[in-house]
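A structural walkthrough
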Amino acid sequence: MTEIKDIKRVYFLGIGGIGMSALARYFNTNGVAVSGYDKTETVLTKKLATEGIAIHFEDNIEFIDKAAELVIYTPAIPKDHKELNYFLENNYNLVKRSEVLGAITNSTYNICVAGTHGKTTTSTMVAHILRHSGYGCNAFLGGIAVNYNSNFWASKKNVSVVEADEYDRSFLKLSPDVAIISSMDPDHLDIYGTAENMEQAFIDFSARIKAGGLLLSKYGLKRTDDLKASEHLTFHLHNENASVYAANIKMTRGSYQFDVLMQYWELKDVVLNMGGLHNIENMIAAISVAHYLEIENDKIREAVAAFKGVKRRFEYIIKNDEQVMVDDYAHHPEELRALLSGAKDLFPEVKCTVIFQPHLYSRTNDFADGFAETLDLADEVILLPIYPARELPMEGVNSEMVLNKMKINNKQVLSKEAVLEWVKDNKIELLITAGAGDIDTLVEPIKKILNNKFGN
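Residues numbered from 1 in each chain as written. Predicted model: local features only at pLDDT ≥ 70, side-chain atom pairs only at ≥ 80, totals over all residues. Heavy atoms only, no water.

1. A word on the sheet that holds strand 16 (residues 315-319)
If you trace the 6 strands from one edge of the open sheet to the other, you get 16-17-21-18-19-20, paired in mixed fashion. For this open sheet the edge positions go to strand 16 and strand 20 (411-413), each flanked by a neighbour on one side alone. Pairwise comparison of adjacent strand axes, ignoring direction, gives a mean angle of 15 degrees for this sheet. With 4 bridges joining them, strand 16 and strand 17 (residues 324-328) adopt antiparallel strand pairing. Within the sheet, the bridge partner assigned to Tyr316 lies in strand 17 and is Val326. Sheet contacts for helix 13 (residues 416-425): strand 18 (352-356), strand 19 (380-383) and strand 20; angle to strand 19, the most-contacted strand, approximately 155 degrees. (Pairing = 2+ DSSP bridges. Helix = DSSP H or I, 4+ residues; strand = E, 2+ residues; numbered from the N terminus. Axes fitted to C-alpha atoms, helices over the stretch in contact; angles between N-to-C directions. Contact = heavy atoms within 4.5 Å.)

2. Some details on the packing of helix 13 against helix 14 (residues 443-453)
In helix packing, the relevant descriptors are the interaxial angle and the interaxial distance, both defined with respect to the helix axes. It is at 10 Å that the axes of helix 13 and helix 14 come closest, and there the two elements cross at 15 degrees. Between helix 13 and helix 14, the crossing angle belongs to the class labelled roughly parallel. As for how helix 13 packs across helix 14, the hand of that crossing is right-handed. Along its contact with helix 13, which presents Val419, Leu420, Val423 and Lys424, the element helix 14 presents Pro445, Ile446, Ile449, Leu450 and Lys453. Each residue belonging to the contact of helix 13 with helix 14 can be placed in one class, and the counts come to 7 nonpolar, no polar and 2 charged. (Parallel < 35°, antiparallel > 145°, perpendicular 65-115°, else oblique. Left-handed = near helix turned anticlockwise from the far one by under 90°. Nonpolar A, V, L, I, M, F, W, Y, C, P; charged D, E, K, R; others polar.)

3. Notes on the pattern of salt bridges
Per the counting criterion, the structure on display carries 22 salt bridges. Note that Lys119 and Glu166 form a salt bridge whose closest N and O atoms lie 3.1 Å from each other. Taken as a pair, Lys119 in helix 5 (residues 119-132) and Glu166 in the loop between strand 9 (159-163) and strand 10 (178-181) lie far apart in primary sequence, 47 residues in all. Each member of the pair, Lys119 as well as Glu166, carries the same accessibility label: buried. Of the charged contacts in the structure, one is a salt bridge between Arg223 and Glu199, with a shortest N-O distance of 3.6 Å. Residue Arg223 is located in the loop between strand 11 (214-218) and strand 12 (231-236), and its partner Glu199 is located in helix 7 (residues 195-206); the two are separated by 24 residues in the primary sequence. Overall, the relative accessible area of 28% leaves Arg223 in the partly exposed class. With relative accessibility at 4%, the residue Glu199 sits in the buried group. One connected set of salt bridges, linked through shared partners, spans Glu199, Lys222, Arg223 and Asp226. (Salt bridge = Lys/Arg side-chain N within 4 Å of Asp/Glu carboxyl O. Buried < 20%, exposed > 50% of the residue type's maximum accessible area, 1.4 Å probe, protein only.)

4. Regarding helix 7
Between its first and last C-alpha atoms helix 7 spans 17 Å; for 12 residues at 1.5 Å apiece the expected length is 16 Å, and the two agree. Taken together, the buried positions of helix 7 are occupied by Ala195, Met198, Glu199, Ala201, Phe202, Ile203, Phe205 and Ser206. (Expected span 1.5 Å × (residues − 1).)

Structure, rendered in structure tokens:
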């Protein structure tokens with residue numbers, strides 16, 4: 001691959017992806033001519049366009065930048081894509097996103113956050129603390145930080161906070177100085193085949209930590225003893241056997257106050273204005289990194305209190321005395337469990353309704369029992385049809401497959417259009433929208449309907 005610093009024109013296949021868009025912003029910030037393709041216009045692609053990036057939505061070689069010195073693609077691009085095949089046939093410098101991210105961060109001090117759940121929120125928390133405290137960092141995130149309305153920012157500090165994605169083994173291109181592993185639950189079995197293969201990828205990721213570096217892993221992870229690092233600490237929500245954990249957790253409506261305890265160190269009266277006990281655990285990991293970097297206690301505490309969260313990670317869309325609406329990216333049974341448990345803990349006296357869009361036929365097929373068991377935590381569930389993303393349909397795999405395994409009575413499968421009618425006709429106390437597909441396009445229409453009910 002051409003030296004990153006020498007590139008003047010770059011083209012993206014799948015520029016609207018959250019990881020791809022962070023790279024697009026990196027190049028754009030550095031004065032490189034950036035353009036790209038995506039199949040669908042979204043809020044994110046519109047924002048990229050306002051930043052001066054040319055984007056089109058038709059697979060057409062007439063629209064590509066034929067002078068591009070580097071073409072970056074995502075594995076989600078189908079093999080029969082015309083633009084992809086043009087670049088292949090004409091011997092362009094064509095590389096995966098993970099290779100470019102690895103090359104960009106090769107010469108920086110890297111804090112890399114991995115895990116099948118929690119990595120986006122945790123990496124955003126780390127990057128926010130470093131930025132808010134004045135320590136400084138470059139950030140390549142897998143979600144939009146609400147504080148900054150972006151998934152990328154640049155800094156003169158030679159430090160990068162990177163979300164380390166396990167999909168397609170992308171994170172094995174990274175070179176961490178500090179690594180966090182939040183979870184290793186089975187996922188992406190279409191790539192890995194077995195849970196053991198996926199766990200091995202995380203072990204291989206830990207082996208990439210530089211000599212003298214730090215690994216911070218969740219206490220109790222399977223195969224913890226196989227993880228590799230010069231220094232290894234563990235974190236947990238409240239287990240005192242972990243190297244660092246929380247104590248004296250208090251809940252107020254939608255917020256938490258707690259202490260962070262570590263041998264020979266503590267941080268008292270931390271306030272997190274974000275729902276979900278799992279997010280306290282994510283913040284414990286982020287605080288641990290900040291302490292390791294010797295950021296002052298008061299600055300850490302102030303940064304945590306100022307953290308506004310991540311788009312679609314326990315994001316409050318509405319929060320008032322009449323009704324609460326939360327939107328979340330949860331698309332795995334364990335993510336859903338954390339989301340629903342957290343919401344019910346914070347709002348125990350109200351009816352909890354979940355609108356969930358399953359993501360991928362393969363994931364739905366692999367985890368149908370887990371989805372059903374987790375969704376039974378709600379009082380009422382509406383399932384949308386499966387969002388296929390990069391996949392073709394699988395015979396017999398649909399949302400009804402999950403519905404039929406659920407035990408609660410208040411459950412149904414509805415189209416997106418029918419969901420909006422349902423919201424108009426029903427009383428809402430606590431509503432959760434969840435999924436990694438295009439369910440986010442329903443968020444604003446639902447918010448508008450709910451606000452109109454109360455004249456907000």
